[in-house]
Amino acid sequence: MSALLRKIPENIPQDIRKIRIENSHLTELPRRSFVNVSALEYLWLNFNNITVMHIKSLEYLPALKELRLQGNKLSSVPWTAFQDTPALKILDLKHNRLDVLPEHALRYLPNLTYLDLSSNQLTVISRDVFYSWPIYQRSQRAEGQIEAISNAVLALHDNPWICDCRLRGFVQFIKSVGPPIILMNSYLTCSSPKFRAGKFFHEVELNSCTKPLTSALDTNLTVPVGLNVTLTCFVQASPSPAVWWTYALKLLRAFNVSTQPVSEETIRSELLIPVAQPADAGNYTCTAANFLGNASVAIALRVGAPPASATPPGWAPVAPAEPGAHVEVRIAKQTVYGITLEWFAAAEPGETWYTLLVGRYDTTQKDAIYIGPGVNTYSVTDLLPATKYEVCVAVRNQAPRKGQCVVFVTGSDVSQLEQREKLIHIVVIVCAMVLAVPAGMYACTAEARPGCLARCPAAWPCRRRGDQPLAAGSKESTLDSLPAGSQDGLCRPEGGRGTRRPPAREEPERPGKARPPHRNSADLY
């Protein structure tokens, strides 16, 4: 129990009769898992992670009477594996993921007295599964005879049964089943379709399966330009078929199609074409299919010329505007080759269709894009650069109003944008360098000042010997003259910070005292 086992141990004693490994980490039952324990009678492997069971995993277990695999992750079982366990009486497979029960599943379980398939994923099974069960066959042969046949308990509850024509035979079997087969829970319930969900098997009457039959009230339609068109087809089939619409061999988008049940075996499918244009004319095909076959019906649509009206050029004439159906449009994002639009309409957002009209500003013909309910943003791409466009958003079949159109110009080229970004980067770097130079000079000058004060009187004679100081506006007092004249502003008397030191007179060299060598301003730093 709760051991960290990842496979069946190989050193099991040969005379062992019962093995119980639960809440462990077993993931599969490989081939010949119990080849050395032929005396095994009870095998419990509940609540592991077993997902695969090999067809020869039960080989050499002729005495096995009880196999419990509850709470694993088996989606299928190799039922022919039970040919190696003819003495098996109890088989517990509840709380797994079984979704299929083949017709031969119980054929190799002649002595079974308990079968638990509850809490799996079974949806549809055939009654032939139980008709081929040896226990059921013996009970049919023994009718009216005194022969005693042991009972067999069958558990099938808590599965998501689909109660349509495919389950008809199984439902009839459940209604008529009796000893020696005993249902652990005879109140099996339907999970789908919706109109049968929650009903018990004994409350439903299922018909035979039928191939789809399609029809349409009108297979030829002619409508004026600008009107909403709804194409309708009816399908009779059992089980419920899949329905789709095609136009010019292309599958139409699903949000334009609505399918609703009319009765138990009849559904109605509708295709909506908002603001019909001449380009929408053609043959529309409604196709339905189930496992028995498929059928289709074609509807021919013709779109007539628009009536005379005062609508702006380029827009299709539409029905009168509805009150309160104004749309506010704005550009959320713009790129070189397109834009992203956002809009808000004063209408029911879950029921409102929109028509997006886009084209060049100087052209009369605009492309129409139909937007389904619940969508309030759209991206227009693949536009020409440096071109003026106009985009309008209208509600349903209305003409665009004032404020519902946006005029914009796409960018010139991607390379120009990249050059502009590079220019901005260069300007930023140059500005940073210019701002950093005065600060650096100040810091270097501040660090060099103590040494300067100590050496200045003896090491730096004034530049202009015997001459007057330079005027304030002289060109020589610039950064270019810094190596020769920067000492004028560095050596100052102790008493005043802002006064310039008057030029010193040239003194004769004293004997025995060497003149210090000349230093340029770079040595200060």
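In this text, all values refer to a predicted model and were calculated from it rather than measured experimentally. (Residues numbered from 1 in each chain as written. Predicted model: local features only at pLDDT ≥ 70, side-chain atom pairs only at ≥ 80, totals over all residues. Heavy atoms only, no water.)

Asker: Looking at this model, I keep getting lost on the packing of aromatic side chains. Mind explaining?
Answerer: Two descriptors summarise a pair of aromatic rings, namely the distance from one centre to the other and the angle between the planes of the rings. All told, the structure shown has 12 aromatic pairs when counted by the stated rule. Arranged with centres 5.4 Å apart and planes meeting at 70 degrees, the rings of Tyr187 and Phe200 form a pair that is edge-to-face. With a gap of 13 residues between them, Tyr187 in the loop between strand S10 (181-183) and strand S11 (190-192) and Phe200 in the loop between S11 and strand S12 (210-215) connect regions that are remote in the sequence. By relative accessible area, which is 28% here, Phe200 ends up partly exposed. (Phe/Tyr/Trp six-rings, centres within 6.5 Å; stacked < 30°, edge-to-face > 60°. Helix = DSSP H or I, 4+ residues; strand = E, 2+ residues; numbered from the N terminus. Buried < 20%, exposed > 50% of the residue type's maximum accessible area, 1.4 Å probe, protein only.)

Asker: Explanation requested: the sheet that holds strand S26 (residues 388-395) in the structure shown.
Answerer: The strands making up a sheet are joined through hydrogen bonds of the backbone, oriented either antiparallel or parallel. Spatially, four strands are ordered S24-S23-S26-S27 in an open sheet, and the strand pairing comes out antiparallel. Edge strands, defined here as strands with exactly one partner in the open sheet, are strand S24 (367-371) and strand S27 (405-409). Taken over all neighbouring pairs, the strand axes of this sheet differ in orientation by 20 degrees on average, direction set aside. As paired elements, strand S23 (residues 354-360) and S24 share five bridges and run antiparallel to each other. Paired with Tyr354 across the bridge in S24 is Ile371. (Pairing = 2+ DSSP bridges. Axes fitted to C-alpha atoms, helices over the stretch in contact; angles between N-to-C directions.)

Asker: What's the story with the state of the cysteines in this structure? I'm lost.
Answerer: Between two cysteines, a covalent bond joining their sulfur atoms is known as a disulfide. Enumeration over the complete set of coordinates arrives at four disulfides. Here Cys163 connects covalently by a disulfide to Cys190, the sulfurs 1.9 Å from one another. Where Cys163 bonds to Cys190 through sulfur, the torsion about that S-S bond is close to -90 degrees, and the disulfide is left-handed. Taken as a pair, Cys163 in the loop between strand S9 (161-162) and helix H3 (168-176) and Cys190 in strand S11 lie far apart in primary sequence, 27 residues in all. We note that Cys163, like Cys190, is buried. (Disulfide = S-S within 2.5 Å.)

Asker: Would you mind showing me how to read helix H2 (residues 134-141) here?
Answerer: Residues that lie three or four places apart on an α-helix share one face, since the helix turns once every 3.6 residues. Those residues of H2 that sit buried are Pro134, Ile135, Tyr136 and Ser139. Buried residues in H2 make contact with helix H1 (128-131), strand S8 (152-155), H3 and S10. (Contact = heavy atoms within 4.5 Å.)

Asker: I tried to follow the pairing of strand S19 (residues 282-290) on my own but got confused; where do I start?
Answerer: Both faces of the sheet carry side chains from a regular strand, because those side chains alternate between them. Examined bridge by bridge, strand S15 (residues 242-247) and S19 share six bridges and lie antiparallel to one another. When the bridges of S19 are listed, Val243 appears paired with Ala288. By the bridge criterion, nine bridges tie S19 to strand S20 (residues 293-303) in an arrangement that is antiparallel. Looking at the pairing, Thr287 lines up with Ser296 of S20. The hairpin formed by S19 and S20 contains two residues between the paired strands.

Asker: Just checking my understanding: could you explain the pattern of salt bridges for this structure?
Answerer: When their charged atoms lie close together, side chains carrying opposite charge are able to pair. If you walk through the whole model with that rule in mind, you get 12 salt bridges. The closest approach of N and O atoms between Asp92 and Lys94, which form a salt bridge, is 2.8 Å. The exposure class assigned to Asp92 is buried, which follows from its relative accessible area of 1%. Among the residues examined, Lys94 registers a relative accessible area of 17% and is labelled buried. In this structure, Glu270 engages Arg268 in a salt bridge whose closest nitrogen and oxygen atoms are separated by 3.4 Å. By relative accessible area, Glu270 is classed as partly exposed at 26%. Under the relative-accessibility criterion, Arg268 is labelled partly exposed at 26%. Salt bridges sharing partners connect three or more residues here, namely Glu66, Arg68, Asp92, Lys94 and Asp116. (Salt bridge = Lys/Arg side-chain N within 4 Å of Asp/Glu carboxyl O.)

Asker: Honestly, a nonpolar patch on the surface in this entry has me stumped. Any pointers?
Answerer: A cluster of nonpolar side chains, namely Ile426, Val430 and Val434, defines an oily patch on the protein surface of about 270 Å² accessible area. Topologically, Ile426 is positioned in helix H4 (residues 414-459). (Patch = residues over 30% accessible without salt bridge, like charges linked within 9 Å, V, L, I, M, F, W, Y side chains within 5 Å. Areas by Shrake-Rupley, 256 points an atom, 1.4 Å probe, with all protein chains shown as cover.)

Asker: So what exactly am I meant to see when it comes to unusual backbone geometry here?
Answerer: Excluding glycine, a negative phi dihedral is what most residues carry, and trans is how most peptide bonds are arranged. Residue Pro179 is joined to Pro180 through a cis peptide bond whose omega torsion reads 15 degrees. Position of Pro180 among the secondary structure elements: in the loop between H3 and S10. For the bond from Ser238 to Pro239, the omega torsion is 5 degrees, close enough to zero to count as cis. Within the fold, Pro239 resides in the loop between strand S14 (229-238) and S15. In the Ramachandran plot, Phe47 falls in the positive-phi region, its phi being about 55 degrees despite a non-glycine side chain.

Asker: Hey, could you run me through the sheet that holds S8 in this one?
Answerer: As summarised here, the arrangement of the seven strands in space is S1-S3-S5-S6-S7-S8-S10, forming an open sheet in which the pairing is parallel. On the outer flanks of this sheet lie strand S1 (18-20) and S10, each paired with one strand and no other. Neighbour-to-neighbour, the strand axes of the sheet open up by a mean angle of 10 degrees, direction not taken into account. In the sheet, S8 pairs with S10 via three bridges, with the strands oriented parallel. Looking at the pairing, Val153 lines up with Ile182 of S10.

Shape is all these values report; function is a separate question.
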